[in-house]
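Tertiary structure, described
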Amino acid sequence: MSTYLIAFAIQDFAGVKGDNNVTIWANQHDVDAGLADYTQDIGPRLVNFFGSMFGIEYNMPKMDMVSCPARYGPSGAMENWGLLLYGSDTLLYDQKNPDFEKKWWVLNVVAHEVAHQWFGNLVTMDWWDEIWLNEGFATYLSHVGSEAIDPDMDSWAWMVTVRMLNVMKEDSTEASYALSDSVTSRRDIGRKFGNITYSKGASFIRMMEAILGFSTLIKGISSYLADLQFSNAQEEDLFLHLEAAALEDGKWPQGDMDSFEETMKIWTNQAGYPLVSVEKIREEGQNYLKLTQTWYRDTPMNITQRWDIPINMVIVGEADTNWDDTAPSRWLSEESVMIPLEEDFSGSAIILNKKAMGYFRINYDEENWSLIAKTLMTDHEAIHPLNRAQIICDVISLA
């Protein structure tokens, strides 16, 4: 066990026992008011869900979840192995006075800390420079778990709007840093516990889900957990297991991409993210879509960065549109690429990045922006809601 996971609780709280020896602890007044009942229900279900999904059961004989507002304020939490500590607003919920946002916050934070029992506790990052292996996964999996426990909470809408699109604002500034940049001091360790690690880390993992498919992603990370349990890991270990699963499932290689590790490390070893500019052009009687990538920054720099960017697209209005098929149809690795179009789509809007699963911004040419605007005014449901959210955020950021 990593030393940072050890904790002791000396208290006279009342306990509410759930299934699988999961107990919620809080002061007697809050317990009597039923504020621990919601977590008593969802806590054991999350433990079962993650254990079943990974094929590795929770390996402690008990799990205590303790309300510690004096230590963690209203909203903090800590994943100590078998003794999870929470602020009051992240553990206790008043079901007699329903509040959608408060309920979501408890569900998502409890899911985050339970996910840590595998990502962070069972397998711990080798050093603080790759803390996203703990926090990025716990954040991503908190949305997977929340969706499984209560689909009505619309977990992925929270993920895209509150996490991905929000962290992109920070990730385009001079304060940005790479997911896997070096750590040299105690103060530097503190820097890593920010939105880049948590929200960009989760967004990057969600992009890997789009590339490989959910089942292959889970297969790969389950193998990673089984192979490295009770030990430390580096990002190369993760990418090795994901590539092995992808090769076995026929999901890799893709296009000109050969090494999964090298492709993914372009995203983890660079700060920031790309802007993909889209332009419809016609040359010698052939229609093309020209895609160009640049480093998106609030303050331009004389440094060039490139990414391997997974590209998929939708022609809005096509009857056979499948928004759930988020696998890349091609990759943008060079500065620009010309994609031949089989038909003339001059009257139809083109949307890149299905369900906003890729971590990049998009700027369309004037004609396509006009077609998107027309669609939003006349038939907004023709565009997936997560793409509508990205369109709004991109327009505001690019303006």
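Nothing here was measured: the structure is a model prediction, and the numbers come from that model. (Residues numbered from 1 in each chain as written. Predicted model: local features only at pLDDT ≥ 70, side-chain atom pairs only at ≥ 80, totals over all residues. Heavy atoms only, no water.)

Some remarks on the packing of helix 6 (residues 132-149) against helix 7 (residues 155-171)
Viewed as axis vectors pointing N to C, helix 6 and helix 7 meet at an angle of 150°, and their least axial separation amounts to 8 Å. The angle between helix 6 and helix 7 falls in the class roughly antiparallel. On helix 7, the residues touching Thr139, Tyr140, His143, Val144, Ser146 and Glu147 of helix 6 are Ser155, Trp156, Trp158, Met159 and Arg163. A per-class count over the contact of helix 6 with helix 7 returns five nonpolar, four polar and two charged. (Axes fitted to C-alpha atoms, helices over the stretch in contact; angles between N-to-C directions. Helix = DSSP H or I, 4+ residues; strand = E, 2+ residues; numbered from the N terminus. Parallel < 35°, antiparallel > 145°, perpendicular 65-115°, else oblique. Contact = heavy atoms within 4.5 Å. Nonpolar A, V, L, I, M, F, W, Y, C, P; charged D, E, K, R; others polar.)

Focus on the pattern of salt bridges
A complete count under the given rule lists 15 salt bridges for this structure. Note that Arg191 and Asp188 form a salt bridge whose closest N and O atoms lie 2.6 Å from each other. With Arg191 and Asp188 both in helix 8 (residues 186-192) and three residues apart, this pair spans about one turn of that helix. Classification of Arg191 by relative accessible area gives partly exposed; the value is 28%. Across the salt bridge formed by Lys265 and Glu261, the nearest N and O atoms sit 3.9 Å from each other. Here Glu261 and Lys265 lie together in helix 12 (residues 260-268), a separation of four residues that amounts to about one turn. What makes Glu261 partly exposed here is its relative accessible area of 26%. Each of Asp181, Asp188, Arg191 and Lys192 takes part in salt bridges that share partners, so that together they form one network. (Salt bridge = Lys/Arg side-chain N within 4 Å of Asp/Glu carboxyl O. Buried < 20%, exposed > 50% of the residue type's maximum accessible area, 1.4 Å probe, protein only.)

Quick word on the sheet that holds strand 2 (residues 22-26)
Taking strand neighbours across the sheet as the criterion, the five strands line up as 1-2-3-5-4 in an open arrangement whose pairing is mixed. This sheet does not close on itself; its edge strands, each paired only once, are strand 1 (14-17) and strand 4 (77-78). Where strand 2 and strand 3 (residues 63-67) come together, four bridges link them in parallel fashion. Note that in strand 3 the partner of Val22 across the bridge is Met63. (Pairing = 2+ DSSP bridges.)

Some points on the sheet that holds strand 9 (residues 286-295)
The sheet built from four strands is open, its strands ordered 13-9-8-15 with mixed pairing. Each having just a single partner strand, strand 13 (336-341) and strand 15 (361-364) make up the two edges of the open sheet. For this sheet, the mean inter-axis angle between neighbouring strands, taken without regard to orientation, is 25°. As paired elements, strand 8 (residues 274-283) and strand 9 share 10 bridges and run antiparallel to each other. Across the sheet, the residue bridging to Val276 is Gln293, located in strand 9.

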